[in-house]
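Take a look at the letters that make up each chain.
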Amino acid sequence: MKRCSTALLAGALTVGVMLPAAPANAAPPATSVIAVGSSNSKALFSNAGGYVASYKRFSQQYVLKNIKTNRTGVLQESRNGKWITLQKLTWKKQAGKTGSTAATVRTTHTAATVKKKYRLVVNASGKEARWESKHVTLRHENPRSYKGYKRTVYNQVKKYCPNVIILEEDRLRSYTYSTSLRMNVARRPAGNLLKYAALHECAHIREFSLYPPSQQGTLRAKLNKIYKTTGTGGIEQAADCMAFRMGVNSKLIFGTYTKNCAGARGTAAAKLLAGKKL
Ligand SMILES: [Zn+2]
């Protein structure tokens, strides 16, 4: 490429050299559908991880980008091969912003263990085309019908986490998803260590139910201040203190994040367990 000095370029501009610009008839950017706070931006109910616990309605927020006018749409469920509208939705164009207002979509709730298929539709407008999400199938599960190891775990947590998804974990550690609210519990012989693992994860379910994904940074900061920790330290130590309040005997177990639940640490755990924000 030919070298071009700044002075030369400036001179060229003043005499009106055309620079490439978007032609007037270029197609406008297509409307895109974005899930708020999700890495899988278009997938419907991506944060659910495939499961919804009985009696719960899983919710997720979606915004539209680059809309020309306000848009409407529906969340639908497939029943006997027909799409039934569960919710009517509206996205409003916001002046000076590429994103619309957010619409919250929610699954149905059921007591049954059953699979349900959903889709999200953005209706066509005078200027824009219809958009339809990929169909997604979620498994609604009632833990009361669990058998075997999942039943053993459920029996430990049912008083505090009556509607919860439990999965058996192959790895050594147990964990809970902060978005989908399901607990993966590692195999342990029935006893105090299993009770601790199950109730510690149940404590996370209660923490994350109280503070949805968009507020979990706040929860982390508040607990780190109280427990004098960093990262996820406060969330973990509070889950331990909650587990002790739910009946785990700290003297009979090892491998905890903390056993110190005195003063403000215990007060915070009690508050979270009572379903109150800090
Ligand atoms: Zn934990």
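Preceding this section is the structure that the text describes.
This one's a predicted model, so the numbers in the text were calculated from it and none came from an experiment.

Cut-offs and rules
- Residues numbered from 1 in each chain as written.
- Predicted model: local features only at pLDDT ≥ 70, side-chain atom pairs only at ≥ 80, totals over all residues.
- Heavy atoms only, no water.
- Disulfide = S-S within 2.5 Å.
- Helix = DSSP H or I, 4+ residues; strand = E, 2+ residues; numbered from the N terminus.
- Buried < 20%, exposed > 50% of the residue type's maximum accessible area, 1.4 Å probe, protein only.
- Pairing = 2+ DSSP bridges.
- Axes fitted to C-alpha atoms, helices over the stretch in contact; angles between N-to-C directions.
- Expected span 1.5 Å × (residues − 1).
- Arc of directions from axis to C-beta.
- Contact = heavy atoms within 4.5 Å.
- Donors = N, O, S within 2.8 Å, 3.2 Å for Na, K, Ca; no water.
- Phe/Tyr/Trp six-rings, centres within 6.5 Å; stacked < 30°, edge-to-face > 60°.
- Lys NZ or Arg CZ within 6 Å of the ring centre and 35° of its normal.

**Description of the state of the cysteines**
No. 1: Following the criterion strictly, the structure yields two disulfides and no others.
No. 2: In this model, C161 is linked to C202 through a disulfide, with the two sulfur atoms separated by 2.1 Å. Here C161 and C202 share a disulfide; its torsion about the S-S bond, 100 degrees, makes the bridge right-handed. Of this pair, C161 sits in the loop between α2 (148–157) and β10 (165–169) while C202 sits in helix α3 (residues 192–210), and the two are 41 residues apart along the sequence. As far as burial versus exposure is concerned, C161 and C202 are alike and both buried.
No. 3: Each disulfide pairs two cysteine sulfurs, and for C241 the partner residue is C261, the sulfurs being separated by 2.0 Å. Disulfide C241 to C261: torsion about the S-S bond roughly -90 degrees, handedness left-handed. Residue C241 is found in helix α5 (residues 233–245), and its partner C261 is found in the loop between α5 and α6 (264–273); the two are separated by 20 residues along the sequence.

**Details of the sheet that holds strand β1 (residues 32–35)**
No. 1: Spatially, three strands are ordered β1-β3-β6 in an open sheet, and the strand pairing comes out antiparallel. Both outer strands of the open sheet, β1 and β6 (103–106), are each paired with one neighbouring strand and no more. Sheet twist, expressed as the mean angle between neighbouring strand axes with direction ignored, is 35 degrees.
No. 2: One ladder, built from four bridges, connects β1 with strand β3 (residues 59–65); its direction is antiparallel. Counted as the bridge partner of S32 is K65 from β3.

**A few points about helix α4 (residues 216–227)**
No. 1: Taking 1.5 Å per residue, 12 residues should reach 16 Å; α4 reaches 16 Å between its end C-alpha atoms and fits that length.
No. 2: Of the residues making up α4, those classed as buried are Q216, L219, L223, N224 and Y227. What you see down the axis of α4 is that its buried residues fit within an arc of 125 degrees, all on one side.
No. 3: On its buried side, α4 packs onto α3, α5 and α6.
No. 4: Just downstream of α4 lies K228, where phi reads positive at about 55 degrees.

**Quick notes on the coordination of the zinc ion**
No. 1: Here the zinc ion is held by H200 (NE2), H204 (NE2) and E236 (OE), and the distances to it run 1.9 to 2.1 Å.
No. 2: When the donor residues of the zinc ion are listed from N- to C-terminus, their spacing reads H-x3-H-x31-E. With a gap of four residues between them, H200 and H204 both fall in helix α3, about one helical turn apart. With respect to class, H200 is no different from H204; both count as buried.

**Things to note about the packing of aromatic side chains**
Pairs of aromatic rings are described using the distance from one ring centre to the other and the angle between the two planes.
No. 1: Scanning all chains against the criterion turns up three aromatic pairs.
No. 2: With centroids separated by 6.4 Å and ring planes inclined at 80 degrees, the aromatic side chains of F45 and F58 adopt a geometry described as edge-to-face. Taken together, the positions of F45 in the loop between β1 and β2 (51–53) and F58 in the loop between β2 and β3 put the pair 13 residues apart, joining distant regions of the chain.
No. 3: A relative accessible area of 1% means that F45 is categorised as buried.
No. 4: The interplanar angle of 75 degrees and the centroid separation of 5.6 Å between the aromatic rings of Y175 and Y177 together place this pair among those described as edge-to-face.
No. 5: We classify Y177 as partly exposed; its relative accessible area is 32%.
No. 6: Among the aromatic residues, ring-to-ring pairing joins F45, F58 and Y118 into one connected group.
No. 7: R187 extends its terminal NZ or CZ atom over the ring of Y149, reaching a point 4.4 Å from the ring centre.
No. 8: Cation over ring: K277 sits above Y211, and NZ or CZ is 5.0 Å from the ring centre.

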